[in-house]
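# Structure at a glance
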Amino acid sequence: MADVNRLVFSIIRFLEDQKTAANLSDEGVEGLEVAIQCLESTYSVSTQDPQQVKKLSVPKNLLDIFNSQLSTEPDAEFDSLSIHEPTPEEKEEAECLKNKGNEFMKAEKFSDALECYTQALKLDSHNSVFFCNRAAAYSKLNKHVKAIEDCEKALTIDPQYSKAYGRMGIAYTALNDHESALECYRKALELDPTNQSYQNNLEIAEQKLKEEAAKAGFGLGSGGGMPMDFSQILNNPHVMDMATQMMGNPQMQQMMSNMMSGFGGPGAGAGGNPEEAVEGGAPGVPGGIGNILQIGQQMASQMQESNPELVAQLRQQMGRPPNNPDGSNDADSNPGSQQQ
């Protein structure tokens, strides 16, 4: 019942707002008052009771919640720059609508603000500020693609408008497109180098990209450093010489033969099933996989014995700390930079 009361509370709040914001006739206002009284009486809910206000209020008003769930907007027909040149009177009226929209934004009535900015744009679609402000309203309603579109229109009018780049970066961040957000914040900073907010957001976007790269396996996670360059390793003559020597080792050749037999060759399990253990395989591990593990361990051991400096270099490229004398790795002591 508590959720129902919260909904009724939001409906009453909406109806109260409509009494002053909808330009209704006296009869219309009277009808809303009757509806409010009926809801308050039926559900024992009042927007004037401080305890109920604290208990039943929600962060957004009902109209904003409704609009945030719509796939289309009421101003869908208004999606391009108009060739109409506004008159001075239209510009003045549009400016008043913009200011009214700004007041709605401060009051967190984002749907009302959106409507004001849209009406202002219908009068004067050559004002980049109107598009940028409407983008902010769209973002508050979780309409981030629409926000990006409005920022792009603002930049078509004024390519040097740093705030449009900044707000477009916020929208891209909300869509988890941190690469596009990073580019927007960079352009915003180029136009407004002293803006600390753009700098903070740029650093956050950079951190998000590093985290994504680490998760995808392109970065090195907590170890830090740069991603491993396999082409550089393969072009290292010492690595190639060592590989040639190891593959010429009869013991290594025998292990390779055993590995191949583990995948269906003569040494495979009954019926040539590679999942059955074969002789020489690691206990509890399928024959072929066990031999691969043994070959890897053998190669690592030989490389460590014959050229420890090369192994250390490879570990450094892979972002792994060198082994301690006891064979264990040092734990990463860097907790990472904190997002601002």
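The model shown is predicted, which means the values in this text are computed figures rather than measured ones. (Residues numbered from 1 in each chain as written. Predicted model: local features only at pLDDT ≥ 70, side-chain atom pairs only at ≥ 80, totals over all residues. Heavy atoms only, no water.)

### Quick word on the overall build of the protein
- When its secondary structure is counted, the protein shows 16 helices and 0 strands.
- Within the protein, the proportion of its 340 residues that are buried is 32%.
- Restricting the contact set of the protein to residue pairs at least 6 apart, pairs at least 24 apart contribute 57%.
- Of the roughly 20,800 Å² of accessible surface on the protein, 53% is carried by carbon and sulfur atoms. (Helix = DSSP H or I, 4+ residues; strand = E, 2+ residues; numbered from the N terminus. Buried < 20%, exposed > 50% of the residue type's maximum accessible area, 1.4 Å probe, protein only. Contact = heavy atoms within 4.5 Å. Areas by Shrake-Rupley, 256 points an atom, 1.4 Å probe, with all protein chains shown as cover.)

### Points about helix α5 (residues 88-106)
- The end-to-end C-alpha separation of α5 is 27 Å, in line with the 27 Å expected for 19 residues at 1.5 Å each.
- Where α5 is buried, its residues touch α6 (110-123) and α7 (128-140).
- Looking one or two places after α5, you find E108, whose phi comes out positive at around 60°. (Expected span 1.5 Å × (residues − 1).)

### A short note on the pattern of salt bridges
- This structure, assessed with the given rule, holds 3 salt bridges.
- Between K98 and E95 there is a salt bridge, with the nearest N and O atoms lying 2.7 Å from each other. Of this pair, K98 and E95 both sit in helix α5, separated by 3 residues, roughly a single helical turn.
- One salt bridge in this structure joins R134 and D150, with 2.6 Å as the shortest N-O distance. A residue pair is termed long-range when its members are at least 10 positions apart, and R134 in helix α7 and D150 in helix α8 (residues 144-157) qualify at 16 residues. (Salt bridge = Lys/Arg side-chain N within 4 Å of Asp/Glu carboxyl O.)

### Quick look at the side chain of H144
- With respect to the helices and strands, the residue H144 is situated in helix α8.
- For H144, a relative accessible area of 14% gives the class buried.
- Each residue touching H144, except ones within four places of it in the same chain, is listed here: S139, A171, A174 and L175.

### Some details on the UniProt feature "repeat: TPR" (unreviewed entry) in the protein
- UniProt annotation of "repeat: TPR" (unreviewed entry) refers to residues 94-127, 128-161 and 162-195 when read in the numbering used here.
- Note that residues 128-161 is 79% helix and 0% strand, and that its end C-alpha atoms are spaced 8 Å apart.
- Secondary structure across residues 162-195 divides into 79% helix and 0% strand, with the first and last C-alpha atoms of the span separated by 10 Å. (UniProt positions renumbered as here; feature names shortened; annotations may be inferred.)

### Re the confidence of the model for the protein
- Mean pLDDT for the protein: 74, with 56% of residues reaching 70 or above.
- Highest mean pLDDT in the protein belongs to helix α9 (residues 162-174) (97); lowest belongs to helix α12 (residues 230-234) (55).
- Scored below 50 in pLDDT, residues 320-340 shows 23 contacts in the model against residues more than four places distant or in partner chains. (pLDDT = per-residue confidence, 0-100.)

### Concerning the packing of α9 against helix α10 (residues 178-191)
- Direction vectors running N to C along α9 and α10 enclose 160°, while the axes themselves pass 8 Å from each other. When the axes of α9 and α10 are compared, the pair comes out roughly antiparallel. The two elements α9 and α10 cross, and the hand of that crossing is left-handed. Counted together, S162, Y165, G166, M168, G169, I170, Y172 and T173 of α9 and H178, S180, A181, C184, Y185, K187, A188 and L191 of α10 form the full contact between these two elements.
- Of the residues that constitute the contact of α9 with α10, the class distribution is 9 nonpolar, 6 polar and 1 charged. (Axes fitted to C-alpha atoms, helices over the stretch in contact; angles between N-to-C directions. Parallel < 35°, antiparallel > 145°, perpendicular 65-115°, else oblique. Left-handed = near helix turned anticlockwise from the far one by under 90°. Nonpolar A, V, L, I, M, F, W, Y, C, P; charged D, E, K, R; others polar.)

### Some points on α9
- For α9, with 13 residues, the first-to-last C-alpha span of 19 Å sits near the 18 Å given by 1.5 Å per residue.
- Among the residues of α9, S162, A164, Y165, G166, M168, G169, A171 and Y172 are the ones counted as buried.
- Structurally, α9 contributes buried residues whose contacts are with α7, α8, α10 and α11 (196-216).

### Describing the nonpolar core
- Counting 40 residues, the largest nonpolar core has M105, L155, Y161, A164, M168 and Y172 as the members making the most contacts within it.
- Of all elements in the fold, only α5, α6, α7, α8, α9, α10 and α11 reach the threshold of two or more residues within this core.
- No other element matches α6, which puts 8 residues into this core.
- Discounting residues that sit within four places of it in the chain, Y161 has contacts with S128, V129, C132, A154, L155 and L191.
- By size, the runner-up hydrophobic cluster in this structure holds 8 residues, among which are V8, F9, L32 and V45. (Core = buried A, V, L, I, M, F, W, Y, C linked by side-chain atoms within 4.5 Å.)

### Here we look at the environment of A174
- Looking at the element boundaries, A174 is found in helix α9.
- The spatial distance from the C-alpha of A174 to the C-alpha of K143 is 9.8 Å, given a sequence separation of 31 residues.

### Topic: the environment of L141
- One can find L141 in the loop between α7 and α8.
- Classification of L141 as buried rests on a relative accessible area of 1%.
- Separated by 75 residues in sequence, L141 and F66 place their C-alpha atoms 9.3 Å apart.

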